[in-house]
Amino acid sequence: MVSKYDPEMNGPWYASWFDSPYYEILYSDRNEEEAEAFLHRLLKVLDPPKGSIMLDLACGKGRYTRFLASKGYYVVGTDLSANNIRSARKYENDHLSFFQHDMRMPFRVNYFDYIFNFFTSFGYFEDEEDNLEVLSHVHKGLKKSGIFVLDYLNAAWVRKNLVPSNTKVVKGISFQLDRHIENDFVVKNIHFSVEGRNFT
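An account of the accompanying structure is given in this report. (Residues numbered from 1 in each chain as written. Predicted model: local features only at pLDDT ≥ 70, side-chain atom pairs only at ≥ 80, totals over all residues. Heavy atoms only, no water.)

1. As for unusual backbone geometry
Then, number 1: For A58, which is not a glycine, the phi torsion comes out positive at approximately 65 degrees.
Then, number 2: Among the structural elements, A58 can be located in the loop between β1 (53-57) and α4 (63-70).
Then, number 3: For E195, which is not glycine, the phi torsion reads 50 degrees and is therefore positive. (Helix = DSSP H or I, 4+ residues; strand = E, 2+ residues; numbered from the N terminus.)

2. A short note on the packing of aromatic side chains
Then, number 1: Applying the stated rule across the entire model yields 13 aromatic pairs.
Then, number 2: The interplanar angle of 55 degrees and the centroid separation of 5.1 Å between the aromatic rings of Y22 and F192 together place this pair among those described as tilted. Note that Y22 is positioned in helix α2 (residues 21-26) and F192 in strand β8 (residues 185-194), a separation of 170 residues in sequence.
Then, number 3: By relative accessible area, which is 16% here, Y22 ends up buried.
Then, number 4: Under the relative-accessibility criterion, F192 is labelled buried at 4%.
Then, number 5: When the ring of F38 is compared with that of Y64, the centres are 6.1 Å apart and the planes differ by 85 degrees; the resulting orientation is edge-to-face. Remark: Y64 occurs in helix α4 and F38 occurs in helix α3 (residues 32-46); sequence separation between them is 26 residues.
Then, number 6: Looking at Y64, the relative accessible area reads 7%, which means it is buried.
Then, number 7: Pairwise contacts between aromatic rings join F38, Y64, Y114, F116 and F118 into one cluster.
Then, number 8: For R66, the ring lying beneath its charged end belongs to Y91, and the centroid distance is 4.3 Å.
Then, number 9: Seen from the ring of Y111, R108 lies directly overhead, with NZ or CZ sitting 4.9 Å from the centre. (Phe/Tyr/Trp six-rings, centres within 6.5 Å; stacked < 30°, edge-to-face > 60°. Buried < 20%, exposed > 50% of the residue type's maximum accessible area, 1.4 Å probe, protein only. Lys NZ or Arg CZ within 6 Å of the ring centre and 35° of its normal.)

3. Let's talk about the packing of α3 against α4
Then, number 1: At a closest axis distance of 9 Å, the pairing of α3 and α4 adopts a crossing angle of 50 degrees. Classified by the angle their axes make, α3 and α4 are oblique. Crossing geometry of α3 relative to α4 is assigned as right-handed. On the side of α3, the interface is formed by E32, E34, A35, E36, F38, L39, H40 and L43, while α4 contributes R63, Y64, R66, F67 and L68. (Axes fitted to C-alpha atoms, helices over the stretch in contact; angles between N-to-C directions. Parallel < 35°, antiparallel > 145°, perpendicular 65-115°, else oblique. Left-handed = near helix turned anticlockwise from the far one by under 90°. Contact = heavy atoms within 4.5 Å.)

4. Notes on the pattern of salt bridges
Then, number 1: Inspection of every chain in the model, using the stated rule, returns seven salt bridges.
Then, number 2: Here R66 makes a salt bridge to E32, at a shortest N to O gap of 2.6 Å. With R66 in helix α4 and E32 in helix α3, this pair connects stretches of sequence that are 34 residues apart.
Then, number 3: Since its relative accessible area comes to 19%, R66 is described here as buried. (Salt bridge = Lys/Arg side-chain N within 4 Å of Asp/Glu carboxyl O.)

Below, the structure written as structure tokens:
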């Protein structure tokens, strides 16, 4: 999935977009209730032992992470966004901690019983070596019998059912979303205006 946020921002698009207030507005319907319903089903399948140590890789503001910790697991959340981690840290406790971290870099070795990557937050790097580096560090971070759960797109379904264009109005902002497939990437362009300023 490839996109960009603001051409005036420095660095890759994902560094600014996931740190922006507009990302939160656009996906405000993806809330704690949705996360909890998803995790109830996942935990029923996985049935993690009490005291399991978990990593939520690219945790955002920690909506999945907080729920897992509330179930008695020891949970770490990492995210590239400084704003997300700053917001998430107010929920830290004996079972829950957060760190700003680039998933392409090593974090902890032979440490986690489970590593989760939710909300299709993998595959944004244009260089395939970066994506492979992420998977390598996931492997190193897991204990020998550890489990990695990747929440990702069903490629065949997406190719067949991709919606080329739609408009979503949230909190008075009209987001125009255009999508197409290019070189095996889903390219999503998001256009909106705020106070006379245009964003793409």
